[in-house]
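What follows is the residue order along each chain.
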Amino acid sequence: MLSLQDVEDAAAIVYAAMPPTPQYAWPLLARRAGCEVWVKHENHTPTGAFKVRGGLVYMDRLKRDQPAVAGVISATRGNHGQSIALAAAKVGIAATIVVPEGNSVEKNAAMRAFGAELVEAGHDFDSARETAMRLAGERGLSMVPSFHRDLVCGVATYALELFRAAPPLDTVYVPIGLGSGICGVIAVRDALGLSTKVVGVVSTEAPAYALSFAAGKVVATNSANTMADGMAVRGPDAEALKVILKGADRIVKVSDAEIALAMRAYYEDTHQLTEGAGAASLAALMQERAQMAGKRVGLVLSGGNIDRPLYLRALAGN
């Protein structure tokens, strides 16, 4: 899907706006998991999540290819929207972001602070996306998808950093929303010729990619009601699924209770703030603790954007 040069070129765009994020081997996490654990800290980006990398690359190329574009619109539960809002502002393009009703208050506030117009519509991400597509036609705006080659190319830069900075990894666990993150990891793994296994992680309450992986074709679900809003997707992207089917070793399903335990573990062992999707990789590792014993594992901490009341409930075990 991507060459190493594609990702290197994307990195030049990303690093004009932010530095690389760190990857640390945390000893308390290693003791808890029974293996060497390297955490890729995408909670340390300017938006608190990995998505900003893709937004920067997508908007940079859109501005160069369509300098007269009237504006962009996209749908999100928060991290993709922050990415597009920040990146659009950097290149001087107006951004409209559609979120579901009842979306994260703090993510909504962040998107507005980055300069986006916010529209609240629909009961979940997929219905918000339908509204965004309708508004794109009505307002003459360019629709920014949640999965696109340029987005994957941008987020793949974190995988390049991780694989180059960490020792050889046996397995990397990656949370799946619409798939840009795991597709970027697979692309870089393959471009570098590594043997690292890539494992996707989904919520038991939003298992569309796990069902699709098992079936070998797109399988949608009727709901995606999970505390991990970054993974709350009902309909998989067909192009993302092709990459995942070819390059992922397996997909692990984790419950909201397991995610909350992982959020508490991150706080206790590293004092890092994690959102639900950000902690999902650790939840999957703990589920597979026995088979990972003694190995060297990478965890993608994809983001740390979570509303305070929800985080406090997770820490308290409620």
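These lines cover the structure that appears in this document, whether it is placed above or below. Values in this document were obtained by computation on a predicted structure and should not be read as measured data. (Residues numbered from 1 in each chain as written. Predicted model: local features only at pLDDT ≥ 70, side-chain atom pairs only at ≥ 80, totals over all residues. Heavy atoms only, no water.)

With respect to the pattern of salt bridges
Per the counting criterion, the structure on display carries 22 salt bridges. For Asp-60, the salt bridge is made with Arg-64, and the minimal N-O distance between the two is 2.8 Å. Taken together, the residues span about one helical turn, with Asp-60 and Arg-64 both in helix α3 (residues 51-65) at a distance of four residues. Note that Arg-189 and Asp-190 form a salt bridge whose closest N and O atoms lie 2.5 Å from each other. (Salt bridge = Lys/Arg side-chain N within 4 Å of Asp/Glu carboxyl O. Helix = DSSP H or I, 4+ residues; strand = E, 2+ residues; numbered from the N terminus.)

Looking at α3
The end-to-end C-alpha distance of α3, which contains 15 residues, comes to 21 Å, matching closely the 21 Å that a straight helix rising 1.5 Å per residue would cover. Most of α3 sits out of view: 11 of its 15 residues are buried. Among all positions of α3, only Lys-51, Val-52, Arg-53, Gly-54, Gly-55, Leu-56, Val-57, Tyr-58, Met-59, Arg-61 and Leu-62 are buried. (Expected span 1.5 Å × (residues − 1). Buried < 20%, exposed > 50% of the residue type's maximum accessible area, 1.4 Å probe, protein only.)

With respect to the sheet that holds strand β10 (residues 296-301)
Pairing is mixed across the open sheet formed by six strands, whose spatial order is β1-β2-β10-β7-β8-β9. In this open sheet, the two strands that pair with only one neighbour each are β1 (23-25) and β9 (250-254). Looking at each pair of strands side by side, their axes are set apart by 25 degrees on average, direction ignored. With three bridges joining them, strand β7 (residues 171-175) and β10 adopt parallel strand pairing. In the strand pairing of β10, Thr-171 is matched with Val-297. Packed on one face of the sheet, helix α8 (residues 180-191) meets β7 and β8 (197-203) and runs near 175 degrees to β8. (Pairing = 2+ DSSP bridges. Axes fitted to C-alpha atoms, helices over the stretch in contact; angles between N-to-C directions. Contact = heavy atoms within 4.5 Å.)

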